[in-house]
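So the chains spell out like this:
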Amino acid sequence: MHPPIEFGNASARDLPPAYPRRAARGTAGSLRAWQSEALSLYFERSPRDFLAAATPGAGKTTFALQLAAALLDRGEVDRVLVVAPTEHLKRQWADAAERAHIPLDPNFRNADRVFGAHYRGVTATYAQVAANPEVHRALTEAARTLVILD
């Protein structure tokens, strides 16, 4: 079993908000038990697909960003695509990812077809993906991509 992400000698509560592996602002100073267990389970099984279902406010975004950060750090993925229901949530994901030091382009449009090298991926809406699935397929197949479906 793979241990949860560690912070060296400091506890998560001792770390400044800008620490790269700290949970996004607005979340607990350390991972909740279910988040740690889910991360351990993910790394134990290395599944192609993984479902994290929890009530609103339980920390699904924090879990997903911790997983994304770990996979990016380990070199297991090269980019991240987050698909959210609305433009507002698409921007919220990009903001939370930025605080977790994973820059995602919230302004990506299907006509762009590619995103800037200073980003690690993009956020999109389900409607955006449905409008041109080939663009998003090409994005995910061009590099090892973690897709997060909100």
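What counts, and at which threshold
Residues numbered from 1 in each chain as written. Predicted model: local features only at pLDDT ≥ 70, side-chain atom pairs only at ≥ 80, totals over all residues. Heavy atoms only, no water. Phe/Tyr/Trp six-rings, centres within 6.5 Å; stacked < 30°, edge-to-face > 60°. Buried < 20%, exposed > 50% of the residue type's maximum accessible area, 1.4 Å probe, protein only. Lys NZ or Arg CZ within 6 Å of the ring centre and 35° of its normal. Core = buried A, V, L, I, M, F, W, Y, C linked by side-chain atoms within 4.5 Å. Helix = DSSP H or I, 4+ residues; strand = E, 2+ residues; numbered from the N terminus. Contact = heavy atoms within 4.5 Å. Pairing = 2+ DSSP bridges. Axes fitted to C-alpha atoms, helices over the stretch in contact; angles between N-to-C directions. Parallel < 35°, antiparallel > 145°, perpendicular 65-115°, else oblique. Left-handed = near helix turned anticlockwise from the far one by under 90°. Nonpolar A, V, L, I, M, F, W, Y, C, P; charged D, E, K, R; others polar.

1. A closer look at the packing of aromatic side chains
Okay, step 1: Scanning all chains against the criterion turns up 4 aromatic pairs.
Okay, step 2: Between Tyr-42 and Phe-43 the ring centres are 5.3 Å apart and the planes differ by 85°, which places this aromatic pair in the edge-to-face class. Phe-43 matches Tyr-42 in its accessibility class, with the two residues each being buried.
Okay, step 3: Summarising the aromatic geometry, the rings of Tyr-42 and Phe-50 are spaced 5.5 Å apart at their centres and angled 80° between planes, so their arrangement reads as edge-to-face.
Okay, step 4: Above the face of the Phe-43 ring, Arg-74 is positioned so that its terminal group lies 3.9 Å from the ring centre.

2. Thoughts on the nonpolar core
Okay, step 1: Counting residues in hydrophobic clusters, the biggest one holds 25 residues, and the most contacted among them are Val-80 and Ile-102.
Okay, step 2: Elements that contribute at least two residues to this core include exactly helix 1 (33–45), helix 2 (60–73), strand 1 (79–84), helix 3 (87–99) and strand 4 (145–149).
Okay, step 3: Excluding residues within four positions of it along the chain, Ile-102 makes contact with Leu-65, Ala-68, Ala-69, Leu-72, Ala-97 and Arg-120.
Okay, step 4: In terms of nonpolar packing, the next biggest core, distinct from the first, is built from 8 residues, Leu-81, Val-83, Phe-115 and Leu-139 among them.

3. Some thoughts on the sheet that holds strand 2 (residues 104–105)
Okay, step 1: In spatial order, the strands read 2-3-1-4; together these 4 strands make up an open sheet with parallel pairing. Here the strands that pair on one side only, and so sit at the sheet edges, are strand 2 and strand 4.
Okay, step 2: Contacts from helix 3 reach strand 1, strand 2, strand 3 (121–125) and strand 4, with the element oriented near 160° to strand 3.

4. Some words on the packing of helix 2 against helix 3
Okay, step 1: The contact between helix 2 and helix 3 brings their axes to 10 Å, and the two run at 55°. If you check the angle between helix 2 and helix 3, you find them oblique. Of the two elements, helix 2 crosses helix 3, and the hand of that crossing is right-handed. Residue-level contacts link Thr-61, Ala-64 and Leu-65 of helix 2 to Trp-93, Ala-96 and Ala-97 of helix 3.
Okay, step 2: The residue inventory of the contact of helix 2 with helix 3, partitioned by class, reads 5 nonpolar, 1 polar and no charged.

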